[in-house]
Amino acid sequence: QVQLVESGGGLVQAGGSLRLSCAASGRTDTISIWTMGWFRQAPGKKREFVAAPNWNKGVPDSVKGRFAISGDNEKSTVWLQMNSLKPEDTAVYYCAAGGRGDRHYETAYDYWGQGTQVTVSS
């Protein structure tokens, strides 16, 4: 099994930045950062794909140019750098791992974190 822990969420003003972290533990030998990704779920909305390393399909237009994903395989950690945040970015952000195939789909992933809340005030 793989456990994922997200951190770095919080309250930020519009225009600000946050950097989310996702650290994997457990059987990290069964995953790599190339199989990890970030999703988010805003209140009353479906969970949507945000970013995955080396994967450009399904990235919302609303985050292009503002969000960037990076990772370190030795640390089994991925980060999501979010800049120029907007109130509509308010959501719970989830890390996922073990992705196969089309990694912009939730069903591609085996493991999920508990999520970290990001709130952007106007």
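Every value quoted in this text rests on a predicted model; they were computed, and no experiment measured them. (Residues numbered from 1 in each chain as written. Predicted model: local features only at pLDDT ≥ 70, side-chain atom pairs only at ≥ 80, totals over all residues. Heavy atoms only, no water.)

### Quick look at the sheet that holds strand S1 (residues 2-7)
Ordered by their spatial adjacency, four strands build an open sheet running S1-S3-S7-S6, and the pairing between neighbours is antiparallel. Edge strands, defined here as strands with exactly one partner in the open sheet, are S1 and strand S6 (67-72). Ignoring strand direction, the axes of neighbouring strands in this sheet form an average angle of 15°. (Pairing = 2+ DSSP bridges. Helix = DSSP H or I, 4+ residues; strand = E, 2+ residues; numbered from the N terminus. Axes fitted to C-alpha atoms, helices over the stretch in contact; angles between N-to-C directions.)

### Concerning the nonpolar core
Soluble globular proteins: nonpolar side chains tend toward being buried together. If you look at the biggest cluster of nonpolar residues, it comprises 35 residues, and the most contacted ones within it are Leu 4, Met 36, Trp 38, Phe 67, Leu 80, Met 82 and Tyr 93. For this core, the secondary-structure elements that each account for two or more residues are S1, strand S3 (18-26), strand S4 (37-41), strand S5 (48-51), strand S7 (77-82), strand S8 (91-97) and strand S10 (116-121). At five residues, S8 tops the list of elements feeding residues into this core. (Core = buried A, V, L, I, M, F, W, Y, C linked by side-chain atoms within 4.5 Å. Buried < 20%, exposed > 50% of the residue type's maximum accessible area, 1.4 Å probe, protein only.)

### Comments concerning the packing of aromatic side chains
The full count for this structure, using the stated rule, is four aromatic pairs. Three or more aromatic residues link up through ring pairs in this structure, and these residues are Phe 39, Phe 49, Tyr 109 and Trp 112. In this arrangement the basic side chain of Arg 47 is found over the ring face of Tyr 94, its NZ or CZ atom lying 4.6 Å from the centre. Arg 47 extends its terminal NZ or CZ atom over the ring of Trp 112, reaching a point 4.0 Å from the ring centre. (Phe/Tyr/Trp six-rings, centres within 6.5 Å; stacked < 30°, edge-to-face > 60°. Lys NZ or Arg CZ within 6 Å of the ring centre and 35° of its normal.)

### A few points about the state of the cysteines
Taken as a whole and assessed by the stated rule, the structure comprises one disulfide. Sulfur-sulfur distance for the disulfide between Cys 22 and Cys 95 comes to 2.0 Å. Residues Cys 22 and Cys 95 are joined by a disulfide whose S-S torsion is about -75°; by sign, that bridge is left-handed. Here Cys 22 is found in strand S3, whereas its partner Cys 95 is found in strand S8, with 73 residues between them in sequence. Taken as a pair, Cys 22 and Cys 95 share a single burial class, namely buried. (Disulfide = S-S within 2.5 Å.)

### Thoughts on the pairing of S8
With six of its seven residues buried, S8 lies for the most part within the structure. Here S4 runs beside S8; their pairing, made up of five bridges, is antiparallel. Across the sheet, residue Phe 39 finds its bridge partner in S8, namely Tyr 94. Where S8 and S10 come together, three bridges link them in antiparallel fashion. Its bridge partner being in S10, Val 92 is matched across the sheet by Gln 117. The sheet contact formed by S8 and strand S9 (residues 111-112) spans two bridges and is antiparallel. Among the inter-strand pairings, Ala 96 is bridged to a residue of S9, identified as Trp 112.

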